[in-house]
Amino acid sequence: QVQLVESGGGSVQAGGSLRLSCAASGVTKTGYCMGWFRQAPGKKREGVATIYTAGGHTYYADSVRGRFSTSQDNAKNTVFLQMNSLKPEDTAMYYCVADPAPLTTCMTFILALDQGGPDFRYWGQGTQVTVSS
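Conventions we followed
Residues numbered from 1 in each chain as written. Predicted model: local features only at pLDDT ≥ 70, side-chain atom pairs only at ≥ 80, totals over all residues. Heavy atoms only, no water. Helix = DSSP H or I, 4+ residues; strand = E, 2+ residues; numbered from the N terminus. Rg over C-alpha atoms; globule rule 2.2 N^0.38 Å. Buried < 20%, exposed > 50% of the residue type's maximum accessible area, 1.4 Å probe, protein only. Phe/Tyr/Trp six-rings, centres within 6.5 Å; stacked < 30°, edge-to-face > 60°. Lys NZ or Arg CZ within 6 Å of the ring centre and 35° of its normal. Polar contact = N/O pair within 3.5 Å; in protein donor to acceptor, adjacent residues only side chain to side chain. Contact = heavy atoms within 4.5 Å. Pairing = 2+ DSSP bridges. Axes fitted to C-alpha atoms, helices over the stretch in contact; angles between N-to-C directions.

> Can you explain the overall build of the protein chain? Please cite residues and give values.
A tally of helices and strands in the protein chain yields 1 helix and 11 strands. Ordered by position from N to C terminus, the α and β elements of the protein chain give β-β-β-β-β-β-β-β-β-α-β-β. Here the C-alpha radius of gyration of the protein chain, 14 Å, is about what a compact globule of 133 residues would show, namely 14 Å. Once the C-alpha set of the protein chain is aligned to its principal axes, its extents read approximately 40 × 35 × 25 Å. Here the protein chain holds 133 residues, and 44% of them are scored as buried.

Have a look at this one:
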């Protein structure tokens with residue numbers, strides 16, 4: 001059973017930065033699809049980024065591309081989301097996700113999900129990010 005625990009959320013002014021961490025346990029497969037989703041009250045869930053742990057290939061949603069980056073520390077079984085140039089519209093609960101999908105699926109997982117594809121199998125509890133203007 002895969003378990004994901006997010007941390008690093010908080011409150012920051014617009015233009016500031018935060019780094020979220022996701023500690024994963026129970027992942028025994030080499031090469032795993034992990035990522036980040038966010039959801040604000042009254043808004044739909046939005047995929048943010050994915051990363052394939054074997055090689056570090058990444059995908060970013062248009063709304064965050066160029067501002068956010070996701071990375072990994074495989075030795076610590078941890079994935080990060082570095083959020084720069086934060087905007088008030090980035091305010092949301094951020095969730096770490098994981099799925100045993102292969103690389104090609106991982107890179108299109110968010111797009112496919114928006115088109116009715118399968119959801120990520122594992123979800124963390126979420127960490128709140130609040131960006132004030």
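> Any chance you could break down the packing of aromatic side chains for me, citing the residues and the numbers?
By the definition in use, this model includes 4 aromatic pairs. Taken together, a centroid distance of 5.2 Å and an interplanar angle of 50° make the contact between phenylalanine 37 and tryptophan 123 tilted. Of this pair, phenylalanine 37 sits in strand β4 (residues 33-39) while tryptophan 123 sits in strand β10 (residues 122-123), and the two are 86 residues apart along the sequence. Classification of phenylalanine 37 as buried rests on a relative accessible area of 2%. Relative to phenylalanine 120, the ring of phenylalanine 109 has its centre 3.9 Å away and its plane inclined at 20°; by these criteria the two rings are stacked. Here phenylalanine 109, found in helix α1 (residues 103-114), pairs with phenylalanine 120, found in the loop between α1 and β10; they are 11 residues apart in sequence, far enough to count as distant. Note on phenylalanine 120: relative accessible area 4%, which makes it buried. By way of ring pairs, the aromatic residues Phe37, Tyr95, Phe109, Phe120 and Trp123 are connected into one cluster. Directly above the aromatic system of tyrosine 59 lies the positively charged group of arginine 65, at a separation of 5.8 Å from the ring centroid.

> Go over the side chain of threonine 50, please, and point to the residues and values.
Its location among the elements puts threonine 50 in strand β5 (residues 46-52). Within the local environment of threonine 50, its side chain forms a polar contact with the backbone oxygen of cysteine 106, the two atoms lying 3.1 Å apart. Beyond its immediate sequence surroundings of up to four residues, threonine 50 is in contact with Cys33, Met34, Gly35, His57, Thr58, Tyr59, Thr70, Cys106, Met107, Ile110 and Phe120.

> If you had to explain the sheet that holds strand β3 (residues 18-25) to someone new, which residues and values would you point to?
Strand order in the open sheet formed by 4 strands is β1-β3-β8-β7, and the pairing between neighbours is antiparallel. What marks the edges here is a single partner per strand, and that holds for β1 (3-7) and β7 (68-73). Strand-to-strand twist across the sheet, computed as the mean angle between neighbouring axes with direction ignored, equals 20°. When β1 meets β3, the two strands line up antiparallel, connected through 5 bridges. Paired with glutamine 3 across the two strands is serine 25, which belongs to β3.

> Please give an account of the pairing of strand β8 (residues 78-83) that cites residues and values.
Counting buried positions along β8 gives 5 out of 6 residues, so the element sits mostly inside the fold. By the bridge criterion, 6 bridges tie β3 to β8 in an arrangement that is antiparallel. Directly across from leucine 18, in β8, lies its bridge partner methionine 83. Inspection of the sheet shows β7 paired to β8 by 6 bridges, in the antiparallel sense. Bridging from a neighbouring strand, serine 71 pairs with phenylalanine 80 of β8. Counted between consecutive antiparallel strands, the loop separating β7 from β8 contains 4 residues, among which asparagine 77 sits at a positive phi close to 50°.

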